[in-house]
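A look at the structure
Here is what each chain is made of, one letter per residue.
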Amino acid sequence: MGYYKKKRRSTKRKERLVTYSLIPTVGMAGILLTSYLSSTPLTIAGIPPSIIFSAVQDKGVISAFVTGNSGALHDELKQMGVEEKMNDFYRNKIPDQQERDRYIHQRFYDHSGYVGTNYKTTPSGNLRRKEES
């Protein structure tokens, strides 16, 4: 009978795997720590990280986003209370309620394509209140 020598996996491969899985984790931890410690809270594309993290854990949000159903995505986010959370987050930064509402809806439009019932889009992709025109 012959002797079978089992191949060992390269330790370099394991090191690379660990390194590549740690980079995003350490990066996100750094972003959250910076946001927590800074006087100006950090946002990702105008959205607080806490809202993004809660949204990506919701199966309905992920499904609506992947299928491109902007109406369903808006409904899922509304059900989660995202609009109210965004309103709370921006209340001190944008004191005018109408401008804050437009800003929040602009973020929704930029990321999902959803246009709120009170808004229309300009040719440049900005939202304007329907009564403004």
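Criteria and thresholds
Residues numbered from 1 in each chain as written. Predicted model: local features only at pLDDT ≥ 70, side-chain atom pairs only at ≥ 80, totals over all residues. Heavy atoms only, no water. 1 Å grid on protein atoms, 1.4 Å probe; cavity = no way out; pocket = protein on both sides within 12 Å on 5 of 7 lines; lining within 4 Å. Points joined across faces, edges and corners; volume = space filled by probe spheres on them. Helix = DSSP H or I, 4+ residues; strand = E, 2+ residues; numbered from the N terminus. Nonpolar A, V, L, I, M, F, W, Y, C, P; charged D, E, K, R; others polar. pLDDT = per-residue confidence, 0-100. Core = buried A, V, L, I, M, F, W, Y, C linked by side-chain atoms within 4.5 Å. Buried < 20%, exposed > 50% of the residue type's maximum accessible area, 1.4 Å probe, protein only. Contact = heavy atoms within 4.5 Å. Salt bridge = Lys/Arg side-chain N within 4 Å of Asp/Glu carboxyl O.

As a volume, the largest pocket reaches approximately 340 Å³. As for the largest pocket, its lining consists of 18 residues, of which Ile47, Ile52, Ala55, Leu77 and His111 are closest to the centre. Counting only elements with at least two residues in the lining of the largest pocket, the list comes to α2 (49-56), α3 (59-67), α4 (70-80), α5 (82-90) and α6 (97-112). Each residue belonging to the lining of the largest pocket can be placed in one class, and the counts come to 15 nonpolar, two polar and one charged.

Quick look at the confidence of the model for the protein now. Mean pLDDT over the protein stands at 81; residues scoring 70 or higher make up 86%. Looking over the protein, one finds the lowest element-wise mean pLDDT in helix α1 (residues 11-37), namely 73, and the highest in α5, namely 90.

By size, the foremost hydrophobic cluster in this structure holds 14 residues, and its most contacted members are Leu77, Val82 and Met86. When contributions to this core are tallied by element, the ones reaching two or more residues are α2, α3, α4, α5 and α6. In this structure Met86 touches Gly46, Ile47, Pro48, Ile51, Ile104 and Arg107, once residues within four positions along its chain are discounted.

Okay, the pattern of salt bridges next. Pairing of side chains with opposite charge becomes possible as their charged atoms draw close. Following the criterion strictly, the structure yields four salt bridges and no others. A salt bridge links Glu99 to Arg102; the nearest nitrogen and oxygen atoms lie 2.9 Å apart. With Glu99 and Arg102 both in helix α6, this residue pair falls three residues apart, about one helical turn. Judged by its relative accessible area of 16%, Arg102 is buried.

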